[in-house]
Amino acid sequence: MSVSLTPGSLARLLGEWNVGAAPAYRELADVVRLLILDGRVALDVALPSERSLAAALGISRTTVTAAYALLREQGFLSSGQGSRSRSCIPSQGPLHAGGHDGALRLSGAPGLAVPDGILDLAYASLPASGEVVHRAFAAALTELPALLPGFGYDALGVGPLREAIAARYTAAGVPTTAAQVLVTSGAQHALNIVLRTLAGRSGTTVLVEHPSYPNALDAIRAAGCRPVPVAMPAAAPGGTGHNGAVHGGRVHSAGGNGLAHNGAGGWDLEAMETALLQQRPAMAYVVPDFHNPTGRLMPDSQRRRLVKAAAASGTVLVVDETLRELNLDGAASTPMAAFSPAVVSLGSLSKSHWAGLRTGWIRASEPLIQRFAAARTTLDLGGPVVEQLAGAHLVNAMTEPLPDRLAALRENRHKLVELIREHLPGWEPEWPVGGLSVWCRLPAPISTALAVLAPDVGIRLAAGPRFGVGGAFEQYLRLPFTLPPEQLETAVLALRSAQDRLEASPQLRRNLSSPPAAAIA
């Protein structure tokens, strides 16, 4: 049955929409767009005709026509010849060649290419470590002829890369053989293989931190599993900042600086233990090493407790170590697998070297690796050989590009936090001890609204609710510090502009209450 919205109903939803902060047609389009994103106007609902809405609002038909046209251009309205416009969400299809419409539709969709002139703050990723990556591929091409007589299929991965990964784990205190390693096309691919193997039944529960990595949450849901979120404690205000120091593997504040501190440990282990005992999930997915998005590092004492609790509940602990190499403050920690042979570890070269390598891995017991390999063949039959040969060189020389990269990231982190303090004084950034991003508490639940307005001011954002379950984290935003300092300044000034626009037009702000305390990280 077709659903339609009467002019009076839409007028009531719009409220006091015309506050004079922008042209009337744009203000009208902005509020309708927020109503669609909010769910207050459902999808595939027929909006009033231009003439009837203009009469209900007491404005010219030209204003409504221009607002509807803008919404169609942005992908929030669709209509056929002679039919009423219907609400929708932007298409995520490919760009039309040279098409302005396609560019606008993609501009707010994290995970897709952005148009020229848009600064991408949805990605927390670095460009390639230049010469190091190039040199690794040059070496790989010289080794390739020896493998050409073979078929090229290898579900486990080429030997040199598996041996290099195993040697790195062994050096870190986790004795590992090549038989305990499966090479994947990135950490996301690795997680999908693990989910298919360990939690492939519909309705299976998977414990996750809250907030958590958006693509992991998407993969868990796509596998038919139900995420069980366990809230991370809120950061304490006024703690560790850019003038902190590291002593004995812990970060100590050199005085209050208006930043949020990651607290005593940063994880609520009692809540995690309770959830494991009561829910007995098949699997738990955690990011203990410079957690995405908060940048926290789990202490060894909490790692031991978590491993013990997972074993007691019969839960397989899956640990994402993708960011482990990005240790900005030199804090010490032990790989989770050192505390139990049952731990499944995921790794990748995407954050330390370059996402374009698409090279990741799973480290687990030999029996589990064999199960993962069997599951993997239903997805693909192996990864590209040249990339794996190059990956072996990069893993063997892992520390070569890191000092310069870490130094640049420390400068960028300092720059971003200083810019936030200067231009967005109501924001509360949590100081990350590692990783690639800052997790910010906003002065109001405006994260989605900022993400919607972002392309208009030249940036792209991943809204806070992308990092949670059930719409949580509307009062949070993740800001990567991977862009050059001058672009970070441009991005923060753009955020200030978007926030000013929301403050000048209150009706643009999402009409949501603050997230419940249990959902705040």
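Please read all numbers here as calculations on a predicted model, not as lab measurements. (Residues numbered from 1 in each chain as written. Predicted model: local features only at pLDDT ≥ 70, side-chain atom pairs only at ≥ 80, totals over all residues. Heavy atoms only, no water.)

With that out of the way, let us pick up the sheet that holds strand β16 (residues 360-363). Within the open sheet, the 7 strands sit side by side as β6-β16-β15-β14-β13-β7-β8. Their pairing is mixed. Both outer strands of the open sheet, β6 (181-184) and β8 (226-231), are each paired with one neighbouring strand and no more. In this sheet, neighbouring strand axes are inclined to one another by 20° on average, regardless of whether the strands run parallel or antiparallel. (Pairing = 2+ DSSP bridges. Helix = DSSP H or I, 4+ residues; strand = E, 2+ residues; numbered from the N terminus. Axes fitted to C-alpha atoms, helices over the stretch in contact; angles between N-to-C directions.)

Counting 92 residues, the largest nonpolar core has L317, W427, L461 and L479 as its most contacted members. Dropping the residues within four chain positions of it, L479 is found in contact with L121, L416, I420, W427, S437, V438, C440, L461 and L495. In this structure, L198, A199, A219 and I369 belong to the second largest nonpolar core, which totals 28 residues. (Core = buried A, V, L, I, M, F, W, Y, C linked by side-chain atoms within 4.5 Å. Buried < 20%, exposed > 50% of the residue type's maximum accessible area, 1.4 Å probe, protein only. Contact = heavy atoms within 4.5 Å.)

Take the packing of aromatic side chains next. Inspection of every chain in the model, using the stated rule, returns 4 aromatic pairs. Taken together, a centroid distance of 5.9 Å and an interplanar angle of 80° make the contact between F473 and Y476 edge-to-face. Here F473 matches Y476 in class, with each residue buried. Every member of this aromatic cluster is reached through a ring pair, and the members are W439, F467, F473 and Y476. The ring centre of Y123 lies 5.5 Å from the NZ or CZ of R460, which sits over that ring. (Phe/Tyr/Trp six-rings, centres within 6.5 Å; stacked < 30°, edge-to-face > 60°. Lys NZ or Arg CZ within 6 Å of the ring centre and 35° of its normal.)

On to the pairing of strand β15 (residues 344-348). With respect to burial, β15 is a largely interior element, 5 of its 5 residues being buried. Neither face of β15 is open: one carries V344, L346 and S348, the other S345 and G347, and all of them are buried. With 3 bridges joining them, strand β14 (residues 316-320) and β15 adopt parallel strand pairing. In the strand pairing of β15, V318 is matched with V344.

Let us now look at the pairing of β16. The alternating pattern of β16 places G360 and I362 on one face and W361 and R363 on the opposite face, and all of these are buried. Looking at chain direction, β6 and β16 are connected through 4 bridges and run antiparallel. Residue T184 lies in a different strand from β16, and its bridge partner there is G360.

Right, let's get into the pattern of salt bridges. All chains considered together, the criterion is met by 23 salt bridges. R501 is paired through a salt bridge with D30; the nearest N and O atoms lie 2.1 Å apart. Here the residue R501 occupies a position in helix α16 (residues 485-504), and D30 occupies one in helix α2 (residues 24-38), the gap between them amounting to 471 residues. Like D30, R501 is buried. (Salt bridge = Lys/Arg side-chain N within 4 Å of Asp/Glu carboxyl O.)

Another aspect to go through is the packing of helix α10 (residues 269-279) against helix α11 (residues 300-313). At a minimum axis distance of 9 Å, the contact between α10 and α11 shows a crossing angle of 10°. One finds that α10 runs roughly parallel with respect to α11. Packed against α10, whose contacting residues are L269, E270, M272, E273 and L276, the element α11 presents Q302, R305, L306, A309, A310 and S313 at the interface. For the contact of α10 with α11, the class distribution of residues is 6 nonpolar, 2 polar and 3 charged. (Parallel < 35°, antiparallel > 145°, perpendicular 65-115°, else oblique. Nonpolar A, V, L, I, M, F, W, Y, C, P; charged D, E, K, R; others polar.)

Structurally, the position occupied by Q388 is in helix α13 (residues 385-396). A polar atom in the side chain of Q388 sits 3.1 Å from the backbone oxygen of G383. Beyond its immediate stretch of four places on either side in the chain, Q388 contacts G157, V158, L161, V183 and G383. (Polar contact = N/O pair within 3.5 Å; in protein donor to acceptor, adjacent residues only side chain to side chain.)

With that out of the way, let us pick up the environment of G266. Mapped onto the elements of the fold, G266 is located in the loop between β12 (260-261) and α10. On the basis of relative accessibility, which here comes to 3%, the residue G266 falls in the buried class. In sequence terms G266 and A234 are 32 residues apart; their C-alpha atoms lie 8.1 Å from each other.

Here we come to helix α6 (residues 130-143). For α6, with 14 residues, the first-to-last C-alpha span of 21 Å sits near the 20 Å given by 1.5 Å per residue. Here α6 has its buried residues at V132, V133, A136 and A140. Buried residues of α6, viewed axially, fall in a sector of 95°; they line one side. Opposite its buried face, α6 presents the exposed residues E131, H134, L141 and T142, each directed more than 90 degrees away. Looking at the packing, one finds that the buried side of α6 touches α13. (Expected span 1.5 Å × (residues − 1). Arc of directions from axis to C-beta.)

Following H210, the chain continues to P211 via a peptide bond in cis, the omega torsion being 15°. You can see P211 is positioned in the loop between β7 (205-210) and α9 (214-222). Each neighbour pair has its own omega, and for N292 with P293 the value is 25°, a cis peptide bond. At F290, a position not held by glycine, the phi torsion is positive, near 60°. Take F290: it is sitting in the loop between β13 (283-286) and α11. A relative accessible area of 2% means that F290 is categorised as buried. Its identity is not glycine, yet F473 carries a phi of approximately 70°, on the positive side.

By themselves, these are just geometric observations and shouldn't be taken as functional.
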